[in-house]
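Architecture and fold: a report
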Amino acid sequence: MRETRSTLTKGHALGSGLFGKAQGFYVASSEEGNSQTIAFTAILEGGSYIDSLNFFGVQRTAVSESQLTIMGGTGKYVNARGYTTVKTFPASNQHSTDGMETVLEFTVYLAY
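Residues numbered from 1 in each chain as written. Predicted model: local features only at pLDDT ≥ 70, side-chain atom pairs only at ≥ 80, totals over all residues. Heavy atoms only, no water.

Digging into the sheet that holds strand S5 (residues 66-74)
Pairing between sheet strands relies on hydrogen bonds along the backbone, with the strands arranged either parallel or antiparallel. Under the convention used in this document: Pairing between two strands requires that DSSP report at least two bridges joining them. Runs of H or I in DSSP of at least four residues are treated as helices and runs of E of at least two as strands, each being numbered from the N terminus. Each axis is a line fitted through C-alpha atoms, and for a helix only the stretch in contact is used; angles between axes span 0 to 180 degrees, taken between their N-to-C directions.
Here we have 7 strands laid out as an open sheet, ordered S1-S2-S3-S4-S5-S6-S7, and antiparallel in their pairing. Of all strands in the sheet, those with a lone pairing partner are strand S1 (2-9) and strand S7 (103-111), marking the two edges. Pairs of neighbouring strands in the sheet enclose a mean axial angle of 25°, with direction left out of account.

Some points on the environment of Lys21
For clarity, the cut-off: Whether a residue is buried, partly exposed or exposed follows from its accessible area with a 1.4 Å probe, protein chains only, as a fraction of its type maximum: under 20%, in between, or over 50%, in that order.
Of note, Lys21 is situated in strand S2 (residues 18-28). Owing to a relative accessible area of 33%, Lys21 belongs among the partly exposed residues under this scheme. Separated by 16 residues in the primary sequence, Lys21 and Arg5 place their C-alpha atoms 7.2 Å from one another.

Some remarks on the confidence of the model for the protein
As a reminder of what qualifies: Note: pLDDT gives the predictor's confidence per residue, expressed from 0 to 100.
Confidence in the prediction for the protein averages 84 pLDDT; 85% of positions are at 70 or higher. Within the protein, the element-level pLDDT minimum falls on S1, averaging 88, and the maximum on S5, averaging 95.

So, the pairing of S2
Pairing of S1 with S2 involves 8 bridges; the strand directions are antiparallel. If you follow Thr7 over to S2, its bridge partner there is Lys21. One ladder, built from 9 bridges, connects S2 with strand S3 (residues 35-44); its direction is antiparallel. The residue bridging Phe25 from the neighbouring strand is Ala39, located in S3. Turn length for the S2-S3 hairpin, with the two strands adjacent in sequence and antiparallel, is 6 residues, and the turn residue Gly33 shows positive phi of about 80°.

Comments concerning the pattern of salt bridges
The cut-off we apply is this: When a carboxyl oxygen of Asp or Glu lies within 4 Å of a side-chain nitrogen of Lys or Arg, that pair is called a salt bridge.
All chains considered together, the criterion is met by 2 salt bridges. Glu3 is the salt-bridge partner of Arg5, the closest N and O atoms lying 3.0 Å from each other. The two residues Arg5 and Glu3 agree in class, both being exposed. Put simply, Lys87 and Glu65 hold a salt bridge, and the shortest N to O gap is 3.9 Å. Of this pair, Lys87 sits in strand S6 (residues 81-89) while Glu65 sits in the loop between strand S4 (51-60) and S5, and the two are 22 residues apart along the sequence. Its relative accessible area of 32% is what places Lys87 among the partly exposed residues.

Here we look at the side chain of Thr85
So the rule is basically this: In what follows, a contact means two residues having at least one pair of non-hydrogen atoms within 4.5 Å.
Relative to the elements of secondary structure, Thr85 occurs in strand S6. The contact partners of Thr85, leaving out residues within four places of it in the chain, are Glu65, Ser66, Gln67, Glu105, Phe106, Thr107 and Tyr109.

Overview of the pairing of S5
Alignment of S4 against S5, held across 5 bridges, turns out to be antiparallel. Residue Phe55 lies in a different strand from S5, and its bridge partner there is Ile70. Where S4 folds back on S5, the antiparallel hairpin that results is connected by 5 residues. Both S5 and S6 contribute to a ladder of 6 bridges, which runs antiparallel. Residue pairing across strands places Met71 opposite Arg81, the latter belonging to S6. Taken together, S5 and the strand that follows it, S6, pair antiparallel across an intervening segment of 6 residues, in which Gly75 is found at a positive phi of about 65°.

Spelled out as structure tokens, the structure:
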């Protein structure tokens, strides 16, 4: 089990505009190491957003895309429901400060 605290940005490149932060944990959930159970809260702080969304699911790193469930949140997202697709991008030409850095792209489909 590992704790995660990450920044959320508007794009893939270093220096992209800050959108918020994510806090949660993930657990390796397969013997091969290619799946992990993830639970985290995305705190949206950019622009007019000062709310949060809760995510839960299994990310399969051996496939190009996984889906996580959205289970509520805070503020205007208190009863939110939906899902997000997660794509993993290889860390190329990225500055690493604390070991391996991974870039994830989330596309959110939401009803609130």
